[in-house]
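Now for the letters of each chain:
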Amino acid sequence: MHEVPPPTSTSTSTPAPAPAPGPSSSAVPAEPLSHGLKQRHLTMLGLGGVIGAGLFVGSGAGIAVAGPAIVVSYLIAGALAMLVMRMLGEMSAAMPASGSFSVHAERALGRWAGFSVGWLYWFLLVVVLAVEATAAAQIAHGWVPGIEPWAWVLLFMVVFTAANLTAVKNFGEFEFWFASLKVGAIVVFLVLGLLAVFGWLPDTDPVGMTNLTGQGGFLPNGWGGVVSGVLTVVFAFGGLEVVTIAAAETDDPARAVGRAVRSAVVRILFFYVGSMLVIVTVLPWTAQQAGLSPYVKVLDAIGVPSAGQIMNIVVFVALLSALNANLYGSSRMIFSLAERGEAPRGLLKVSGGGSRESTGGVPRRAVLASVAFGFVSVLLNLLWPDTVFLYMLNSVGAVLLFVWALIAASQLRLRARLEQEAPEALSLRMWCFPYLTWVTLAGLFGVLLLMLTDEAARPQVLWSAGATALVLLVAVGRQWRERRGSAVADR
């Protein structure tokens, strides 16, 4: 959902006392949020949340550097994402909360961790939101040139703000149909691609496996190309985390998140890897170019009329879907931070109404706070895309990997505590614990190290590390002031 594109160039209220970081002692009271999301909403959010422009357009850059071996790159990146989601699903099923991994990090590692990962993730969502809104506006401007892009951005922001302010079921319905269209588009693409491979389409000959072994073979750029491909595509899997945030607003969070995680990860891996396999089988990998959709090239090659416009519509929907999900995820994250005294208490206000499931239980101030910063990001993107906004974008470029690493670290500690204190809560378990958790952590740090060696990705790691260090400094400073204040009060 929130893939960060490569760079084009180079007052809170007084916090409440921290809860003890254990599964039983840190259980939070029931939140005053709506329970308007259904299982079908959550399932489709899990399926469609990561199917975005990063797949439909950005995958061309990965094919250009890895060749047919991009399939292996997606398998590696997808496996990392799947392991992280399994860990997150385990914790969310046992201890569902609107703050998801931010709450888990606080319980496992301390308030500094919950504060840091929560604010970093919120910042990531509201910055990437600007990229999605601007890109969708450019597509809409191409269809209706008489309306300026800024007007389209304003329209999108107003529509989705209204949807997120009224009732959570509106967000769920938007995402359900957006995800259905994206999933449907990929299924149709896979079917057409397979028919083309076997020569079962009119006026076509069987393609066979020629394109997988020609033009330099399956590994034209060696394993170095596979590694470069991983760096290109790993961020396309960002967005699955929103499923565990949304699960807190279902009638049965523990069961809902377990079912959503189980159904989503394997199917998403199938969609991504299946799509790439079809693309590099139907056309030579040398036919792909960074910035151009490989899906359009394949559809053009097999004779689908107006393939470019069809894919434009799909990408447009994917961008709006990501924008909608980012508004939702950012509002719930900052609401959770406010619940724990890590953000202004005024953001805790939720809407009333005759029925929590229909009109009430929406954290409207949290939505408006996220939208306000989103508008600032959009304005910076429109006015200074190559300077101010570029620095902001680079500062969140690697944040997703930091978030995933903290999820893994949190699961290492919480799993052991849960097995001792509440083993019955482990309805969804991480595979081969703790070995696969350590493998995941090693893989994430490996990706970060590889990004440091890549000239294009290095600025993202350095700026993101700087942003993370700043947030950590604030978190530690707040905790130190609290302890000092407590010590003075005890005298």
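Residues numbered from 1 in each chain as written. Predicted model: local features only at pLDDT ≥ 70, side-chain atom pairs only at ≥ 80, totals over all residues. Heavy atoms only, no water.

### Regarding the overall build of the protein
Alright, step 1. Along its length, the protein carries 19 helices and zero strands.
Alright, step 2. What you see for the protein is a C-alpha radius of gyration of 22 Å, in line with the 23 Å of a compact globule of 491 residues.
Alright, step 3. Principal axes of the C-alpha set define a box for the protein whose edges measure 85 × 55 × 45 Å.
Alright, step 4. By the burial criterion, 56% of the 491 residues in the protein qualify as buried. (Helix = DSSP H or I, 4+ residues; strand = E, 2+ residues; numbered from the N terminus. Rg over C-alpha atoms; globule rule 2.2 N^0.38 Å. Buried < 20%, exposed > 50% of the residue type's maximum accessible area, 1.4 Å probe, protein only.)

### A few points about empty space enclosed by the protein
Alright, step 1. In this model, the largest cavity occupies a volume close to 50 Å³.
Alright, step 2. Surrounding the largest cavity, Arg-111, Trp-112, Phe-115, Glu-342, Ala-475, Arg-478, Gln-479 and Glu-482 form its lining.
Alright, step 3. Broken down by element, the lining of the largest cavity gets its largest block of residues, four residues, from helix α19 (residues 458-490).
Alright, step 4. Among the residues forming the lining of the largest cavity, the class breakdown is three nonpolar, one polar and four charged. (1 Å grid on protein atoms, 1.4 Å probe; cavity = no way out; pocket = protein on both sides within 12 Å on 5 of 7 lines; lining within 4 Å. Points joined across faces, edges and corners; volume = space filled by probe spheres on them. Nonpolar A, V, L, I, M, F, W, Y, C, P; charged D, E, K, R; others polar.)

### Thoughts on helix α12 (residues 253-282)
Alright, step 1. When the terminal C-alpha atoms of α12 are compared, their 42 Å separation across 30 residues agrees well with the 44 Å that a helix rising 1.5 Å per residue should span.
Alright, step 2. With 22 of 30 residues buried, α12 is to be regarded as a mostly interior element. (Expected span 1.5 Å × (residues − 1).)

### A short note on the nonpolar core
Alright, step 1. Ranked by size, the top nonpolar core spans 162 residues in total, and within it Phe-156 and Trp-404 carry the most contacts.
Alright, step 2. At 21 residues, the largest contribution of residues to this core is made by helix α6 (residues 111-143).
Alright, step 3. Residues within four places of Trp-404 in sequence aside, it is in contact with Ala-81, Val-84, Val-234, Phe-237, Gly-238, Glu-241 and Leu-444. (Core = buried A, V, L, I, M, F, W, Y, C linked by side-chain atoms within 4.5 Å. Contact = heavy atoms within 4.5 Å.)

### Here's the deal with the side chain of Thr-281
Alright, step 1. Mapped onto the elements, Thr-281 comes out in helix α12.
Alright, step 2. In terms of polar contacts, Thr-281 uses its side chain to reach the backbone carbonyl oxygen of Leu-277, at 2.5 Å.
Alright, step 3. Residue contacts for Thr-281: discarding those within four places in its chain leaves Val-197, Val-207, Gly-208, Met-209, Asn-211 and Leu-212. (Polar contact = N/O pair within 3.5 Å; in protein donor to acceptor, adjacent residues only side chain to side chain.)

### Points about a nonpolar patch on the surface
Alright, step 1. A cluster of nonpolar side chains, contributed by Trp-150, Leu-154, Val-158, Phe-375, Leu-379, Leu-382, Leu-383, Trp-384 and Val-388, occupies part of the molecular surface with about 840 Å² of accessible area.
Alright, step 2. Listing elements by their share of the nonpolar patch, those giving two or more residues are α7 (149-166) and α15 (364-383).
Alright, step 3. The element best represented in the nonpolar patch is α15, accounting for four residues.
Alright, step 4. With respect to the element layout, Leu-382 can be found in helix α15.
Alright, step 5. Look at Leu-382 and you get partly exposed, because its relative accessible area is 36%. (Patch = residues over 30% accessible without salt bridge, like charges linked within 9 Å, V, L, I, M, F, W, Y side chains within 5 Å. Areas by Shrake-Rupley, 256 points an atom, 1.4 Å probe, with all protein chains shown as cover. Salt bridge = Lys/Arg side-chain N within 4 Å of Asp/Glu carboxyl O.)

### Some points on the packing of aromatic side chains
Alright, step 1. Per the stated rule, a full pass over the model turns up 21 aromatic pairs.
Alright, step 2. Relative to Phe-316, the ring of Phe-156 lies with its centre 5.7 Å away and its plane at 65°, an arrangement referred to as edge-to-face. Linking Phe-156 in helix α7 with Phe-316 in helix α14 (residues 307-339), this pair joins segments that are 160 residues apart in sequence.
Alright, step 3. Since its relative accessible area comes to 6%, Phe-156 is described here as buried.
Alright, step 4. On the basis of relative accessible area, Phe-316 is assigned to the buried category, the value being 14%. (Phe/Tyr/Trp six-rings, centres within 6.5 Å; stacked < 30°, edge-to-face > 60°.)

### Comments concerning α14
Alright, step 1. Over its 33 residues, α14 extends 48 Å from the first C-alpha to the last, a length consistent with the 48 Å expected when each residue adds 1.5 Å.
Alright, step 2. Within α14, 27 of the 33 residues are buried, leaving the element largely enclosed by the surrounding structure.

### Regarding the packing of helix α8 (residues 168-197) against α14
Alright, step 1. Following both chains from N to C, one finds α8 and α14 inclined at 145°, their axes separated by 10 Å at the closest point. Note on packing geometry: the crossing formed by α8 with α14 is left-handed. Where α8 abuts α14, its residues Val-168, Phe-171, Phe-174, Glu-175, Phe-178, Leu-181, Lys-182 and Ala-185 lie against Val-314, Val-317, Ala-318, Leu-320, Ser-321, Asn-324, Ala-325, Tyr-328 and Arg-332.
Alright, step 2. Grouping the constituent residues of the contact of α8 with α14 by class yields twelve nonpolar, two polar and three charged. (Axes fitted to C-alpha atoms, helices over the stretch in contact; angles between N-to-C directions. Left-handed = near helix turned anticlockwise from the far one by under 90°.)

### Re the pattern of salt bridges
Alright, step 1. Under the defined criterion, the tally for this structure stands at eight salt bridges.
Alright, step 2. Of the charged contacts in the structure, one is a salt bridge between Glu-249 and Arg-332, with a shortest N-O distance of 2.7 Å. Of this pair, Glu-249 sits in the loop between α11 (241-246) and α12 while Arg-332 sits in helix α14; the two residues are 83 residues apart in sequence, bridging distant segments of the chain.
Alright, step 3. Where salt bridges share partners, they join Glu-90, Arg-415, Glu-419 and Arg-429 into one cluster.

### Brief notes about the confidence of the model for the protein
Alright, step 1. Looking at the protein as a whole, the pLDDT averages 84, with 90% of positions reaching at least 70.
Alright, step 2. Under a pLDDT of 50 for its full length, residues 354-358 has, in the predicted model, 15 contacts with residues more than four places off or in other chains. (pLDDT = per-residue confidence, 0-100.)

### Digging into the environment of Ala-167
Alright, step 1. Looking at where Ala-167 falls in the secondary structure, it is placed in the loop between α7 and α8.
Alright, step 2. Judged by its relative accessible area of 4%, Ala-167 falls in the buried class.
Alright, step 3. When the C-alpha atoms of Ala-167 and Val-234 are compared, they prove to be 33 Å apart, with 67 residues separating the residues in sequence.

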